[in-house]
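# Working through the structure, step by step
Chain residues, written in single-letter form:
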Amino acid sequence: MIRFDNVSKVYPRSTRPALTDVNVNVERGEFVFVVGPSGSGKSTMLRLALREEKATSGTVLVAGQDLSGLSARKVPRFRRGIGAVFQDFRLLPGKTVDQNVAFALQVIGKPTSAIRQLVPETLEMVGLEGKGKRLPHQLSGGEQQRVAIARAVVNKPQILLCDEPTGNLDPKISLDIVHLLDRINRSGTTVVMATHDADTVNEMRRRVVQLEDGVVVRDAEDATYLAPEGEK
Amino acid sequence: MKAGFIAGEVWSGLRRNLSMALSVILVTMVSMFLLGMGLLAQRQADTMKGYWYDRIQVSIYLCTDTSLQPNCQGQAATEAQQESIENQLKAMPEVKEVFHESEAEAFARFKEQFRNSPITGNVQQGDIPQSFRVQLSDPTKYAVVTSQFERAPGVASVQDQEKVLKRFFQIINWITVFSVFLAGLMVVCAALLMATTIRQAAFIRRREIGIMRLVGASNWTIRMPFIIEMLVVATLGVGLAVGMLWLGLRLIFNLGFNQVVLNKALIGANDVWALTPWLFGGVIVIAVLTSVVTLRRYLRV
Ligand SMILES: Nc1ncnc2c1ncn2[C@@H]1O[C@H](COP(=O)(O)OP(=O)(O)OP(=O)(O)O)[C@@H](O)[C@H]1O
Ligand SMILES: [Mg+2]
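Residues numbered from 1 in each chain as written. Chains lettered and ligands numbered in written order. Predicted model: local features only at pLDDT ≥ 70, side-chain atom pairs only at ≥ 80, totals over all residues. Heavy atoms only, no water.

### Points about the site of ligand 1
Residues and elements named next belong to chain A. As a reminder of what qualifies: Near residues are defined by distance, with any heavy atom within 4 Å of the molecule or strand qualifying the residue. N or O atoms within 3.5 Å of each other form a polar contact, as long as, within protein, one can give a hydrogen and the other can take it, and as long as residues adjacent in sequence are counted only when both atoms are side-chain atoms. Reported accessibility uses the Shrake-Rupley method at a 1.4 Å probe radius. Residues are deemed covered only where the shown protein chains occlude them.
Ligand 1 sits among 14 residues. The nearest are Arg16, Ser38, Lys42, Ser43 and Thr44. A distance of 2.7 Å separates an oxygen atom of ligand 1 from a polar atom in the side chain of Arg16. A distance of 3.0 Å separates an oxygen atom of ligand 1 from a polar atom in the backbone of Gly41. When ligand 1 sits alone it has 630 Å² of accessible area, and the protein chains cover 65% of it.

Right, dumping it as structure tokens:
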């Protein structure tokens with residue numbers, strides 16, 4: 001589903017590569033944690049998979065598409081098959097929960113009838129039934145992240161990319177969010193989650209890809225993450 | 001995308017950026033008003049030219065005993081001279097028609113024109129010279145007539161209305177050039193202001209744009225609210241400009257000049273309507289182009 005073959009990434013105006021010769025293959029339906037200290041290249045991996053950045057060398061294959069050969073014009077259609085969630089939620093403050101989720105469908109031209117059905121269905125799935133009329137600032141951080149997850153999966157993507165989705169949340173809420181992602185994964189969506197939160201990784205015991213300075217130093221099934229000294 | 005959804009986005013966008021929207025409306029209005037004025041002045045000149053050229057005449061005044069022109073040598077034109085001039089005129093291909101106005105007719109016309117003025121008392125028949133009124137088939141060829149008859153025996157002077165009109169048309173031409181030039185500057189201002197407005201609107205909506213790109217909205221979907229916003233604002237501006245042109249025309253011509261028997265020589269509302277689609281078309285092109293060019297930076301994937 002997601003394959004990195006000898007992928008290196010050097011950002012413009014930067015001398016140190018953010019990723020060096022990364023080889024990772026994520027199968028359909030897998031749940032993978034990408035872990036590593038700050039600056040190790042986790043977000044870079046996800047940005048490459050979303051085609052927000054292009055690899056400097058090597059090939060990135062996502063959902064059967066070689067992203068280096070994907071023209072800018074085809075990027076929007078490609079992204080419709082991928083959900084993304086971030087540490088900062090990225091909700092629209094002026095829109096209600098319903099509207100935030102519906103927005104993702106409206107801008108890709110989904111018919112109103114489908115939107116009317118999908119939005120409440122998805123909000124219920126993430127545990128926000130009855131909160132559709134609230135504005136983001138009337139929700140807790142955990143609830144806001146659920147809205148963001150609902151928005152990411154409302155179009156039923158094959159892949160869900162999460163960049164530190166629990167980075168702004170306290171440990172108990174973080175676990176709830178990861179369990180929600182786990183549930184989404186069990187329904188068939190491939191999930192890749194970048195984090196440096198050892199507790200959630202250890203609780204879930206899934207595949208762990210560990211990065212250090214842009215290099216994959218460990219790739220293990222059913223694994224734990226022992227954060228290095230100084231990291232939480 | 002659903003029309004209702006786009007309308008909502010456009011409305012909220014305009015509300016969030018109201019002062020900029022207003023300034024684009026005003027600048028568009030002023031620029032299109034100036035442009036319209038210039039083009040209308042030109043149309044007015046053309047209309048008048050057609051009107052006058054149908055009526056323009058070259059007048060050849062013949063000598064009287066009191067003529068001071070050196071060509072007359074103090075003598076009135078003779079019967080023979082008069083006939084020779086008339087025959088020559090009729091033989092010229094440039095000449096469409098020739099009227100002869102006798103001294104008696106000239107005096108009668110003078111009296112009629114100045115009937116309310118005391119000066120008529122001092123003027124007698126014979127003071128106003130007889131003349132030939134020449135209508136040309138091509139009014140611009142008056143120089144041919146002038147040069148041929150200026151020194152002809154018995155001719156006191158050749159007067160040509162074209163000279164007077166030329167000045168008048170030149171003034172109109174300058175008005176046109178000046179207002180079209182100003183309008184050009186204003187159109188540049190309008191385009192720059194639109195670009196600034198769009199940039200600001202895009203900045204205000206950078207979150208929305210970011211999310212649209214994330215979930216895979218097409219570039220046209222992302223552009224659409226901005227383009228429609230600019231179209232709404234620019235169209236309002238042109239609409240106001242057209243309204244002002246129409247109103248201005250009515251005020252100047254219908255109230256100011258309606259005594260003059262020149263109705264056929266004046267432009268009217270029809271000319272404003274003829275201009276309207278071009279003004280709208282031009283502004284729409286400018287608005288769309290400016291939006292697309294300005295938004296390029298925000299749409300880079
Ligand atoms: N846009 C950019 N331009 C230049 N360098 C960048 C850019 N983004 C990231 N980098 C660099 O690339 C390296 C990897 O960054 P990345 O954001 O992938 O790390 P990360 O593992 O996500 O870190 P964190 O846990 O803090 O989010 C870092 O050294 C960073 O400074
Ligand atoms: Mg990161």
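Moving on from the model shown.
### Here we look at the confidence of the model for chain B
Stated precisely, the cut-off is as follows: Confidence of the predictor in every single residue is expressed as pLDDT, which spans 0 to 100.
Scored by pLDDT, chain B has a mean of 83; 91% of the residues are at 70 or more. The ipTM assigned to the predicted complex is 0.91, against a pTM of 0.75.

### With respect to the interface of chain A and chain B
Which entries qualify depends on this criterion: Every residue pair with non-hydrogen atoms within 4.5 Å of one another is taken to be in contact. Values labelled buried area give the accessible surface lost by two parts on being combined, using a 1.4 Å probe and summing over both. The rule for a salt bridge is simple: a side-chain nitrogen of Lys or Arg has to be within 4 Å of a carboxyl oxygen of Asp or Glu. In DSSP terms, a helix is any run of H or I states spanning at least four residues, a strand is any run of E spanning at least two, and both are numbered starting from the N terminus. Each residue is assigned to one class: nonpolar for Ala, Val, Leu, Ile, Met, Phe, Trp, Tyr, Cys and Pro, charged for Asp, Glu, Lys and Arg, and polar for all the others, Gly among them.
Listed per partner, the contact involves 24 residues of chain A and 16 residues of chain B. Across the chain A/chain B interface, buried area totals approximately 1,800 Å², and carbon plus sulfur atoms make up 65% of it. The largest per-residue losses of area from chain A upon contact with chain B belong to Arg79, Phe103 and Val107 of chain A, which jointly make up 30% of the total buried on that side. For the interface between chain A and chain B, the tally reads one salt bridge. Our count for the contact surface shared by chain A and chain B stands at four residue pairs in polar contact (both at pLDDT 80 or more). Only helix H2 (75-79), strand E6 (82-86) and helix H3 (97-106) of chain A provide two or more residues apiece to the side of chain A that touches chain B. For the side of chain A that touches chain B, a count of residues per class yields 14 nonpolar, three polar and seven charged.

### With respect to the pattern of salt bridges
Between side chains of opposite charge, a pair can form when the charged atoms approach closely. Using the criterion set out here, one finds 18 salt bridges over all chains in the structure. Residue Asp88 of chain A pairs with Arg90 of chain A through a salt bridge whose shortest N-O separation is 3.2 Å. For the salt bridge of Glu86 of chain B with Lys90 of chain B, the shortest nitrogen-to-oxygen distance reads 3.1 Å. Remark: Lys90 of chain B and Glu86 of chain B occur in helix H3 (residues 79-91); sequence separation between them is four residues, near one turn of the helix. When salt bridges with common partners are traced through the structure, they connect Glu30, Arg207 and Asp219 of chain A into a single cluster.

### Examining the sheet that holds strand E2 (residues 95-101) of chain B
Residues and elements named next belong to chain B. As a reminder of what qualifies: Strands qualify as paired when DSSP identifies two bridges or more between them. Axes here mean lines fitted to C-alpha atoms, for a helix over just the part in contact, with angles spanning 0 to 180 degrees between N-to-C directions.
The strand order across the open sheet built from four strands is E2-E3-E1-E4, with neighbouring strands paired in antiparallel fashion. Lying at the two open borders of the sheet, with one neighbouring strand each, are E2 and strand E4 (155-160). Pairs of neighbouring strands in the sheet enclose a mean axial angle of 20 degrees, with direction left out of account. Pairing between strand E1 (residues 57-62) and strand E3 (residues 131-136): five bridges, direction antiparallel. Counted as the bridge partner of Ser59 is Arg133 from E3. Here H3 sits on the sheet in contact with E1, E2, E3 and E4, set at roughly 5 degrees to E3.

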